[in-house]
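# Notes for the structure review
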Number of protein chains: 2
Amino acid sequence: METMDWATTSTSPGRRESPWERRALTISSPTSSPLFTRGRPRRGITSILGGSDILRVSCGWIYRGRRPTVTVELRLIGIRTPLIRPGDHLPSLLLKALRRAGGVREGDILVLSSKVVAVSQGRMVRLSEVRPSPRALRLSRKTGLDPSFVEVVLREADSVLGASRGALLTLVKGLPCANAGVDLSNAPPGHAILLPSHPERFAKELRDYVRREEGVRVGVILADSTVKPLRLGTVGQAVGISGVPGALDCRGRTDLFGRRLRVTRRALADQLATAAELLMGEAGERIPLVVVRGLRLEGKAVPSPAVEPEECLYFSLLKGGLRKDRRRL
Amino acid sequence: METMDWATTSTSPGRRESPWERRALTISSPTSSPLFTRGRPRRGITSILGGSDILRVSCGWIYRGRRPTVTVELRLIGIRTPLIRPGDHLPSLLLKALRRAGGVREGDILVLSSKVVAVSQGRMVRLSEVRPSPRALRLSRKTGLDPSFVEVVLREADSVLGASRGALLTLVKGLPCANAGVDLSNAPPGHAILLPSHPERFAKELRDYVRREEGVRVGVILADSTVKPLRLGTVGQAVGISGVPGALDCRGRTDLFGRRLRVTRRALADQLATAAELLMGEAGERIPLVVVRGLRLEGKAVPSPAVEPEECLYFSLLKGGLRKDRRRL
């Protein structure tokens, strides 16, 4: 978010009028991402020099008003869908809803609630059929949660990192999740909804389906809620990604003064999941799909947003907590 | 993000056609927020019953296509600004840029990079004038960061929670920040930019200025970058808020089955800061301001996104880490 400028000491004066128009674009494999296509820049599409290739960004930039103010716009379009039931063919239901809302375009990113994917997969548990273990009973007293619900959480979680009133902090396939992503809200009475199985595979399936049916390339993100340390409330987290980088590595790029950026990576997929949550809402809204239109990407694509332990600022703390937790819980 | 629906077992069939149109809205003090105004609903503005009052949401909902698909749209408009220098009157510079980009509207939320606020306040340090302490030298070896930079971080941080290659995890006024929000990128050569002083006060100043000059009520968020546990890259975090809830508490609301939601709070301000980062970029882009237009809010407004320790899932882990850190560093 270093968007600061500095006129008097700038070492790259030529950049000042419109720095983002001539920005060098580097991406490891342009053809693997639907958001970038190789070729000659066409009229109306901003061309960007990237090494020896000419790349073009397939999503446009919107110019308004007079220079030097140039506007870049992103649209988030919430798509209301019919009811989703177990066994539904979700890609075709979603595409129908997208068509009714004006269609899908090349370069769109579809952010989808992981909950509807889980429901279409039948990933639900009837709580009355779950017998809580002694550990679940202990954690139920500690958290105030229903023992059967805690048992489901323990079965879904790879490890439990901590507990507070109303929630367990868990790891599921490397993802930090409250209650292992298990959710009672908007589930049928007496049921809990789990995280979807094979979220990456579903994301790719939806992407391929849209490509086949509509002839456009989109990115797909399956989004779930998570919590952050010392902050109230939930933000979004990508639990499945296809056709869009998990993160963007801007370390090779230079700032306004020509210096190479050091630790400058953007959690793109989580940013998109979080932005989409602004429309999805938390209660009974039926907006499980958000189209993100107009995104421009710069930087080197990093496929996965998972972090190497030695690069995680919280890791040493979590490690300690994990050990402590294993003793205590 | 529980956007799931369930037709066959629904206990609130009347809601199914258009649940979000008749949703009860509760907000603790409607007059304190520019996004809500009391009064009779006007044509084109969706009315919502909230207790005994009629409240109306001043930002519209967009309907497209035929039912049952109804679209809700959010626009994120990146505003390019001239160069910001220390001593600049930032509110007037920003308003000029906003006018050139088409103006500001009632209910808009202005998300502003905290960096430009810091620069306009002159919150920068020349690193050659900083003498690193022995602790800074120790942490410099551990992180690979410049000793003078580490010294500035230590002066800005209330506490250091952990260290990894390239960054220190710190707390600044209760906010978890990498390197105490101190930044070298896009700073004048040899300088570091700090977090702004009195971010809440500046947010209110900008909000009042827009109200006075344009006659419209907006919300303002000062955004900075932060990192999340076990995830690569940065997301946004609100470091100053005015006229928009820090979080939304949806616990009193009911889901599609009429049950009260339990732990369902949305980190609204952080969500907005993160969404805006999609346009702000991380390198030399000069887009320090993003207008969020079309947001609808439901739930009880929580002014601050800071969390009570006993409600933070990570707290017990951080506490342990903090103690360990105090011994070790």
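Structural notes, computed from the coordinates. (Residues numbered from 1 in each chain as written. Chains lettered and ligands numbered in written order. Predicted model: local features only at pLDDT ≥ 70, side-chain atom pairs only at ≥ 80, totals over all residues. Heavy atoms only, no water.)

### Examining the overall build of chain A
Heads up, the rule is: A helix here means a DSSP run of H or I that spans at least four residues, while a strand means a run of E at least two residues long, and both kinds are numbered starting from the N terminus. Burial classes follow relative accessibility: with a 1.4 Å probe on protein chains only, a residue under 20% of its type's maximum area counts as buried, one over 50% as exposed, and anything between as partly exposed. Here, residues are in contact when the closest pair of their heavy atoms is within 4.5 Å. Per-residue accessibility takes into account occlusion by the displayed protein chains alone, with areas from the Shrake-Rupley method and a 1.4 Å probe.
Scanning chain A from N- to C-terminus turns up seven helices and 16 strands. Every one of the 329 residues in chain A was classed for burial, and the buried ones make up 64%. If you take every contact in chain A between residues at least 6 apart in sequence, the share linking residues at least 24 apart comes to 61%. Summing over all exposed atoms, chain A offers an accessible surface of approximately 12400 Å²; the carbon and sulfur share of this is 49%.

### Observations regarding the packing of helix α3 (residues 134–143) of chain A against helix α4 (residues 147–156) of chain A
All names here are of chain A. Let me state the cut-off plainly: Note on geometry: axes are lines fitted to C-alpha atoms, helical ones only across the stretch in contact, with angles between N-to-C directions running from 0 to 180 degrees. Crossing handedness is defined as follows: a turn of the near helix away from the far one that is anticlockwise and smaller than a right angle gives a left-handed crossing, while the clockwise case is right-handed. Charged residues are taken to be Asp, Glu, Lys and Arg, nonpolar residues to be Ala, Val, Leu, Ile, Met, Phe, Trp, Tyr, Cys and Pro, and polar residues to be all remaining types, Gly included.
In the contact formed by α3 and α4, the axes pass within 8 Å of each other and the chain directions differ by 115 degrees. Along this stretch, α3 crosses α4, giving a crossing that reads as right-handed. Judged by residue contacts, Arg-135, Ala-136, Leu-137, Leu-139, Ser-140 and Thr-143 of α3 engage Pro-147, Val-150, Glu-151 and Leu-154 from α4. Looking at the contact of α3 with α4 residue by residue, the class counts come to six nonpolar, two polar and two charged.

### A word on the pairing of strand β12 (residues 234–242) of chain B
All names here are of chain B. Heads up, the condition is: Only strands that DSSP links by at least two bridges are regarded as paired with each other.
Of all nine residues in β12, nine are buried; the element is thus mostly enclosed. Bridge count for strand β11 (residues 219–227) against β12 is eight bridges, and the pairing is antiparallel. Bridge pairing links Val-227 to Thr-234 in β12. Between β11 and β12, which follow one another and run antiparallel, lie six residues, and Leu-230 among them has a positive phi close to 60 degrees.

### Re the side chain of Thr143(B)
Residues and elements named next belong to chain B. Heads up, the rule is: Each polar contact in these results corresponds to two N or O atoms within 3.5 Å; when the atoms are within protein, one needs to be able to donate a hydrogen and the other to accept it, and residues that are neighboring in sequence are counted only if both atoms are side-chain atoms.
Structurally, Thr-143 can be placed in helix α3 (residues 134–143). A polar side-chain atom of Thr-143 sits 2.7 Å from the main-chain carbonyl oxygen of Leu-139. Beyond its immediate chain neighbours, meaning those up to four positions away, Thr-143 contacts Val-150, Ala-163, Ser-164, Arg-165, Gly-166, Ala-167 and Leu-168.

### Concerning the environment of Thr274(A)
Residue position: Thr274(A) is located in helix α6 (residues 268–280). Of the residues examined, Thr274(A) reaches a relative accessible area of 1% and is grouped as buried. Once the C-alpha coordinates of Thr274(A) and Gly236(A) are considered, the two residues, 38 residues apart in sequence, prove to be 3.9 Å apart. Beyond its immediate chain neighbours, meaning those up to four positions away, Thr274(A) contacts Val235(A), Gly236(A), Gln271(B) and Thr274(B).

### A word on the sheet that holds strand β7 (residues 159–164) of chain B
Residues and elements named next belong to chain B. The strand order β7-β8-β9 describes an open sheet built from three strands, whose pairing is antiparallel. Each edge of the open sheet carries a strand with a single partner, namely β7 and β9 (175–178). Adjacent strand axes in the sheet meet at a mean angle of 20 degrees, parallel and antiparallel pairs treated alike. Pairing of strand β8 (residues 167–172) with β9, which is carried by four bridges, proceeds in the antiparallel orientation. Its bridge partner being in β9, Val-172 is matched across the sheet by Leu-175. Here α3 sits on the sheet in contact with β7 and β8, set at roughly 30 degrees to β7.

### Notes on the sheet that holds strand β7 (residues 159–164) of chain A
To summarise the sheet geometry, strands pair through backbone hydrogen bonds and adopt either a parallel or an antiparallel arrangement. Residues and elements named next belong to chain A. An order of β7-β8-β9 is seen for the three strands of this open sheet, with the pairing classed as antiparallel. A single partner strand is all that each edge strand has here, and the edge strands are β7 and β9 (175–178). Across this sheet, the average inter-strand angle for adjacent strands is 20 degrees, counted without regard to direction. When β7 meets strand β8 (residues 167–172), the two strands line up antiparallel, connected through five bridges. Paired with Val-160 across the bridge in β8 is Thr-170. Across the sheet, α3 is in contact with β7 and β8; its angle to β7 comes to roughly 30 degrees.

### Let's talk about the pairing of β7(B)
Summarising burial for β7(B): six of the six residues are buried, a large majority. Counted along the chain from β7(B) to the antiparallel partner β8(B), the turn is two residues long, and its residue Gly166(B) has a positive phi close to 90 degrees.

### Description of helix α6 (residues 268–280) of chain B
What counts here: For a helix, the expected span equals 1.5 Å multiplied by the number of residues minus one.
Over its 13 residues, α6(B) runs 18 Å from end to end, which matches the ideal 18 Å to within 8%, given 1.5 Å per residue. With 13 of 13 residues buried, α6(B) is to be regarded as a mostly interior element.

### Some words on the environment of Leu76(B)
Of note, Leu76(B) is situated in strand β4 (residues 71–79). Sequence spacing of Leu76(B) and Leu272(B) is 196 residues, and the spatial spacing of their C-alpha atoms is 9.8 Å. For Leu76(B), the contacting residues outside a window of four places in its chain are Val72(A), Glu73(A), Leu74(A), Leu76(A), Ala275(B), Leu279(B), Val290(B), Val291(B) and Val292(B).

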